[in-house]
Amino acid sequence: MNIFRLTGDLSHLAAIIILLLKIWKSRSCAGISGKSQILFAIVFTTRYLDLLTSFISLYNTSMKVIYIGCAYATVYLIYVKFRATYDGNHDSFRVEFLVVPVGGLAVLINHDFALLEILWTFSIYLESVAILPQLFMISKTGEAETITTHYLFCLGLYRALYLFNWIWRFYFEGFFDMIAIVAGLVQTVLYCDFFYLYVTKVLKGKKLSLPA
C-alpha cells in the first residue's frame, strides 16, 4: 500500500458515495447513465471473484465488498426505485460495442489463459471504457448537474492516482503490469476534456455545459 493507491481508493469511494447521495437525496437519477452503472457492476463482479478463493487483508476485502454492493445498489436505484426519472432516451450508447470487443481482447491478451484471470483482465479493459455511456449522455444533453460533475471528477482522479501508484510500484517494488497501466492510461485520457471543463467552469461556480 502506498499513498497514491490509498488516495485513489478514497477518491473512488468518494465518487460512489457522491453518486448514491445525489440519487437518494434528489429522489431522481436524471442525468445519470444507467448503462455506465451496469458496466461498472459487471467490472466489479468479474474483478473480485477472488473473494471466493483468497484473502489478502481486511481492507482489501472490505473495499471489494463495498464496491460491489454500491454498484448494484446504484443500478437498483436507477432501474427500479427511481425508474420514472431515468432518461433512457439520452442514455442510448450501444454498450455491446464495448463489451464484445473487450471480451475478445481479454481472451487474446491476458497474463494467464485461465478463467479467473481472463475475467480479471476483462474487468480491467471494461473499466477503461465503462464511463463512455455517461460521457456520451452528457454530450447529447449538452450539460451536467454540478453534483454529477463532482462524481465524474472523483472517478477520473481515482484513475489518475492509480497511474502514479503503478509508477511507484515499478520504482520501489519492481512491479509492472502492462495491461493495468495501458487500460489506466486509456481511461485517464477519456477524462481529459472533462477535467478541463471541470477546472475552467465548475470550480468557478459555473454549470458545466458543452459548446454548441
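- The protein chain has the name ER lumen protein-retaining receptor in an unreviewed UniProt entry, where Cyclopterus lumpus is given as its organism.
- UniProt, in its Sequence similarities (unreviewed entry) section for the protein chain, records the words "Belongs to the ERD2 family."

1. Notes on the packing of aromatic side chains
Reasoning step 1: Evaluated as defined, the whole model comprises 19 aromatic pairs.
Reasoning step 2: On the numbers, 6.1 Å between centres and 65° between planes, the contact of phenylalanine 4 with tryptophan 168 is edge-to-face. Of this pair, phenylalanine 4 sits in helix H1 (residues 3-26) while tryptophan 168 sits in helix H7 (residues 146-173), and the two are 164 residues apart along the sequence.
Reasoning step 3: A relative accessible area of 27% places phenylalanine 4 in the partly exposed class.
Reasoning step 4: On the numbers, 6.1 Å between centres and 5° between planes, the contact of phenylalanine 44 with tyrosine 48 is stacked. By the burial criterion, phenylalanine 44 is buried, and tyrosine 48 matches it.
Reasoning step 5: Counting every residue linked through ring pairs, the aromatic cluster contains Phe153, Tyr191, Phe194, Phe195 and Tyr198.

So, how was this worked out
- Along each chain, the written sequence defines residue order, and numbers are assigned to residues from 1.
- Whole-chain, interface and lining totals are the exception, using all residues; otherwise, since this is a predicted model, local features are given only for residues with pLDDT of at least 70 and side-chain atom pairs are given and counted only at 80 or more.
- The side-chain figures draw on all heavy atoms in the structure; neither hydrogens nor water molecules are used.
- UniProt positions are given in the numbering used here, feature names are shortened, and annotations may be inferred rather than shown by experiment.
- Here the aromatic set is Phe, Tyr and Trp, taking the six-membered ring for Trp, and pairing holds for ring centres within 6.5 Å; pairs whose planes are under 30 degrees apart are stacked, those over 60 apart are edge-to-face, and all others are tilted.
- Segments assigned H or I by DSSP are reported as helices when at least four residues long, segments assigned E as strands when at least two residues long, and all are numbered from the N terminus.
- Residue burial is assigned from relative accessible area. The probe radius is 1.4 Å, only protein chains are included, and a residue is buried under 20% of its type maximum, exposed over 50%, and partly exposed in between.

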